[in-house]
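Each chain is listed here by its residues.
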Amino acid sequence: MQEYLQKQLAQNKKLFIPFITAGDPNGEATIGLALTLQKAGASAIELGIPYSDPLADGPVIQRASQRSLSAGMNIVKAMELVPSMRERGLTIPIILFTYYNPVLQLGKESFFALAEKNTIDGLLIPDLPFEESGDLRESCKQHGVTFISMVAPTSVQRLKKIVSNAEGFLYCVSSLGVTGSRKTFDQRIYDFLSEVKQEASVPVVVGFGVSSKEHVEELTKVCDGVVVGSALIEEVERLSSKLKEADSLDAALLEFEEKASSFVSNAKVSTG
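Within each chain, residues carry numbers counting from 1 in the order of the written sequence. The predicted origin of the model limits local features to residues at a pLDDT of at least 70 and limits the giving and counting of side-chain atom pairs to 80 or more, whereas totals for whole chains, interfaces and linings rest on all residues. Side-chain numbers come from the whole structure's heavy atoms, not from hydrogens or water.

A. Layout of unusual backbone geometry. For the peptide bond that leads from Asp24 to Pro25, omega is 0°, which places it in the cis range. Inspection of the secondary structure puts Pro25 in the loop between strand S1 (15–21) and helix H2 (27–40). Unlike most non-glycine residues, Thr119 shows phi in positive territory, near 55°. Here a strand is any run of E in DSSP of at least two residues, a helix any run of H or I of at least four, and the numbering for each starts at the N terminus. Structurally, Thr119 can be placed in the loop between helix H6 (108–117) and strand S4 (122–124). Burial status follows relative accessibility: with a 1.4 Å probe on protein chains alone, a residue under 20% of its type maximum counts as buried, one over 50% as exposed, and anything between as partly exposed. With relative accessibility at 36%, the residue Thr119 sits in the partly exposed group.

This is the structure we're talking about:
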């Protein structure tokens, strides 16, 4: 994954990594959304596993999880969507975004067997501290899955240790608190991103609250790309009824593509 992302950066393309919730509003729509994001220029996709207690997520993604769980989605079914995406033309990396509890409930051996079978490229677990992730990171290496590390402004004292073990890309949390759209960012985040960039040998992307073209333009001046979640999930929520129906799915995906493309076009600004 890291080599693939660095090739994009070598072409002066800032990374655009969108987040969608598996099963929101249903499995077929999730496949369509993933293909649409690739068409719009996504560098990789974070496929969120719906969870009943998503501590790092704000109300928008919480509602997406509830819609997905109500429709019967779970971690196994979510991973099983990926081969269908591949069969229909998806070539970009898929990063599974899940809390640790679903992995524990499934069992590590079963989880990695399914990850390999269903061509999962990466794993991101927001509620697993770096100091407690060693065993899982080792399992990722054994099964060809890239473990994505996260850092936040509160990680300064642990920054070098986390950065030195980073693979794929480094996910920088823009602010304290949960995911969700924001109007502005604390100016200190730009200094933090610059510090991380100096230390990191992998691409550095920023997420949590990236929700406008202006955000992308400003943040990609000091990092390699952005993760966009809530702003896209809000669009999925708005289009939910259309995405559920076969006769309106294609039209809904076209509307969604327009929203996604607004982030991609700005994410390709070169820092020279």
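There is more to say after this.
B. Just the packing of aromatic side chains, in detail. Pairing of aromatic side chains here covers Phe, Tyr and the six-membered ring of Trp, requires ring centres within 6.5 Å, and sorts the geometry by plane angle: under 30 degrees stacked, over 60 edge-to-face, intermediate tilted. On inspection of all chains with the given rule, the structure shows six aromatic pairs. With centroids separated by 6.1 Å and ring planes inclined at 90°, the aromatic side chains of Tyr171 and Phe208 adopt a geometry described as edge-to-face. Here Phe208 lies in the loop between strand S8 (204–207) and helix H10 (213–219) and Tyr171 lies in strand S7 (residues 170–173), a separation of 37 residues in the sequence. Across the pair, Phe208 and Tyr171 agree in class, each one buried.

C. Region of the structure containing the side chain of Glu235. Note on placement: Glu235 falls in helix H11 (residues 230–238). When its relative accessible area of 12% is taken as the criterion, Glu235 is described as buried. Any pair of residues with heavy atoms lying within 4.5 Å of one another is described as a contacting pair. Once you skip the residues sitting within four places of it in the chain, Glu235 turns out to touch Glu255, Phe256 and Lys259.

D. Quick look at the sheet that holds S8. Strands were regarded as paired on the criterion that DSSP finds at least two bridges between them. Here we have nine strands laid out as an open sheet, ordered S5-S4-S3-S2-S1-S9-S8-S7-S6, and parallel in their pairing. With one partner strand each, in any of the chains shown, strand S5 (146–147) and strand S6 (149–151) form the two edges of the open sheet. Both strand S3 (residues 94–97) and S4 contribute to a ladder of three bridges, which runs parallel. Among the inter-strand pairings, Ile95 is bridged to a residue of S4, identified as Gly122. Where helices are involved, their axes are fitted lines through C-alpha atoms of the stretch in contact, as for all axes, and angles between N-to-C directions lie from 0 to 180°. Its contacts with the sheet put helix H4 (residues 75–87) on strand S2 (45–48) and S3, and the angle it makes with S3 is roughly 165°. In the packing of H11 onto the sheet, contacts are made with S1 and strand S9 (225–228), and the angle to S1 comes to roughly 45°.

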